[in-house]
Structure formats: structure tokens, C-alpha cells
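Coordinates in review
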Amino acid sequence: MYKQIFDLDNTIVFTDELNSEAYNYALVLNGKEPIYDVKRLTREVIFSRFKLTETEKENVVKIKQNYFLDHIEKIKKNDNLLKLLIGKKSDDCILWTSAEKCRVEAILNYLKLKDSFSWIYYSTKVNIKEDLENISQFFKCSKSQLKFYENDSNVLSQLNLFGINKKNILKAKR
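Model, not experiment: these values are computed from the prediction.

Below, the discussion takes up the overall build of the protein. When helices and strands are counted, the protein shows seven helices and seven strands. For 174 residues, the compact-globule formula gives about 16 Å, and the C-alpha radius of gyration of the protein, at 17 Å, lands near that figure. Once the C-alpha set of the protein is aligned to its principal axes, its extents read approximately 55 × 30 × 25 Å. In the protein, which comprises 174 residues, the share counted as buried stands at 45%. Across the protein, every contact between residues at least 6 apart in sequence was considered, and the portion connecting residues at least 24 apart equals 66%.

What follows is the structure, encoded as C-alpha cells:
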């Protein structure tokens, strides 16, 4: 029996469109031009394009988060993974995410998934080896018993590099 580890953004739900819409809304409110030439608009992209004070940066992020939460119904659901989660024992599933806690909680509440995971593991996903050790310890199992659902190609390749069999790594598709 596999223990299943799910990513949230662009795995269980597709958030790029709402995320970009929210950031562009925040930019316009701050007197900046919206950005349309990137697939995933992030704060790193914005902060590299605009010279903003720390207060302006905080304001952009706050407005973006509020807009996202106020329009959460615009996220796109990954119906295939949602069907997989329904009926699963939460003991066998965790959420492994780098998303901000308030967004994670709002999305899980919106999707009625807050009880679907035995653990929400918040991680920057920079040290995959350490994350794997923590996940294995949580489940009290070997890495061979873990199955991952993820969208980030870098994370996927690192999982394989640190001993997760490719057949246990499933890339989320739209």
C-alpha cells in the first residue's frame, strides 16, 4: 500500500490564471503596468521588473492574496486527482506544498478537502532530500512506499535523484 503525497498548486488545482489575474490587479492598483508575457506570474518576476520599496512589495502581495481569496471560485480543479482523493483514507495522504498557509486553508475549505490529509507539510521544496526523510519518518515507511503527485519538473527530477522510482512520480497534467 502506497502512501500518497500531493502537491497543491498546479497539481490538485490549477492556479496560474487566478494567480496572474490577482497579481496584475495588485500591480494596477499600485500604478504599475500589468504583466502578460509570462506563464506563471510570481512575486520574483514582479520584483525583478519593478523597483518597489519594501512597503510597496508588501502591499502588492497583500492585495494579491486578498484578491485570490475573494475569487477562489476561479481556480480550476484537477478532476482526476480530486476523484482519487475522494474516498482515500487521510492516514495514507499528505499535502506537501510551498503555498502560503492562508491560501492552502482557503483552497482546501473551498474544495471540501480539509480532512483529506493526515498532515500538511509546508516546505520551500529547496531541500528535497530532507523533505523525503521527513515524509518517510512521518509515515514510518521507506521511500519505496511513497507515491508523489507533483507538477514542478525540478522537484520531480530531484525526487528521482534521491531514490523515488519514476513509476511512483506522477506529473500533474491539465
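The next thing to look at is the confidence of the model for the protein. Chain-level statistics for the protein give a pLDDT mean of 94 and a share of 99% at 70 or above. Across the protein, element-level confidence peaks in strand 5 (residues 119-122) with a mean pLDDT of 98 and bottoms out in helix 4 (residues 79-85) with 90.

Moving on, we get to the packing of aromatic side chains. As enumerated under the stated definition, the model contains seven aromatic pairs in all. Measuring from centroid to centroid gives 4.5 Å for Trp119 and Tyr121, while their planes differ by 10°, and the two rings are stacked. According to the relative accessible area criterion, Trp119 is partly exposed, its value standing at 25%. Classification of Tyr121 by relative accessible area gives buried; the value is 9%. Ring centres of Phe138 and Phe139 lie 5.4 Å apart, and the angle between their planes is 70°; this geometry places the pair in the edge-to-face category.

Let's shift gears to the sheet that holds strand 7 (residues 169-171). Pairing is parallel in the open sheet, where five strands are placed in the order 5-4-1-6-7. Two strands close off the open sheet at either side, each with one partner strand: strand 5 and strand 7. Each strand axis lies, on average, 20° off the axis of its neighbour in the sheet, ignoring direction. Bridge count between strand 4 (residues 93-97) and strand 5: four bridges; the pairing is parallel. Directly across from Ile94, in strand 5, lies its bridge partner Trp119.

Another point: the packing of helix 1 (residues 16-29) against helix 3 (residues 54-70). For the pair helix 1 and helix 3, the least separation of the axes is 8 Å and the interaxial angle reads 135°. Viewed along their axes, helix 1 and helix 3 adopt a mutual orientation that is oblique. The crossing of helix 1 and helix 3 is right-handed. In this structure, helix 1 contributes Leu18, Asn19, Glu21, Ala22, Tyr23, Tyr25, Ala26 and Leu29 to the contact, and helix 3 contributes Val60, Ile63, Lys64, Tyr67 and Phe68. Residue composition of the contact of helix 1 with helix 3, by class: ten nonpolar, one polar and two charged.

Despite not being glycine, Asn10 shows a phi value in the positive range, around 65°. Within the element layout of this structure, Asn10 appears in the loop between strand 1 (3-6) and strand 2 (13-14). One non-glycine residue, Lys140, adopts positive backbone phi at about 55°. Relative to the helices and strands, Lys140 is located in the loop between helix 6 (128-139) and strand 6 (146-150).

Inspection of the secondary structure puts Asn24 in helix 1. Residue classification places Asn24 among the buried positions, given a relative accessible area of 7%. From its side chain, Asn24 meets the backbone nitrogen of Ile35 in a polar contact 2.6 Å long. In contact with Asn24, not counting residues within four places along its chain, are Pro34, Ile35, Tyr36 and Leu41.

Under the defined criterion, the tally for this structure stands at eleven salt bridges. For Arg40, the salt bridge identified is with Asp16, shortest N-O distance 2.4 Å. Pair noted here: Arg40 is in the loop between helix 1 and helix 2 (43-49) and Asp16 is in helix 1, with a separation of 24 residues, a long-range link. Taking the relative accessible area as the measure of exposure, Asp16 reaches 15% and is therefore buried.

What counts as what
Residues numbered from 1 in each chain as written. Predicted model: local features only at pLDDT ≥ 70, side-chain atom pairs only at ≥ 80, totals over all residues. Heavy atoms only, no water. Helix = DSSP H or I, 4+ residues; strand = E, 2+ residues; numbered from the N terminus. Rg over C-alpha atoms; globule rule 2.2 N^0.38 Å. Buried < 20%, exposed > 50% of the residue type's maximum accessible area, 1.4 Å probe, protein only. Contact = heavy atoms within 4.5 Å. pLDDT = per-residue confidence, 0-100. Phe/Tyr/Trp six-rings, centres within 6.5 Å; stacked < 30°, edge-to-face > 60°. Pairing = 2+ DSSP bridges. Axes fitted to C-alpha atoms, helices over the stretch in contact; angles between N-to-C directions. Parallel < 35°, antiparallel > 145°, perpendicular 65-115°, else oblique. Left-handed = near helix turned anticlockwise from the far one by under 90°. Nonpolar A, V, L, I, M, F, W, Y, C, P; charged D, E, K, R; others polar. Polar contact = N/O pair within 3.5 Å; in protein donor to acceptor, adjacent residues only side chain to side chain. Salt bridge = Lys/Arg side-chain N within 4 Å of Asp/Glu carboxyl O.

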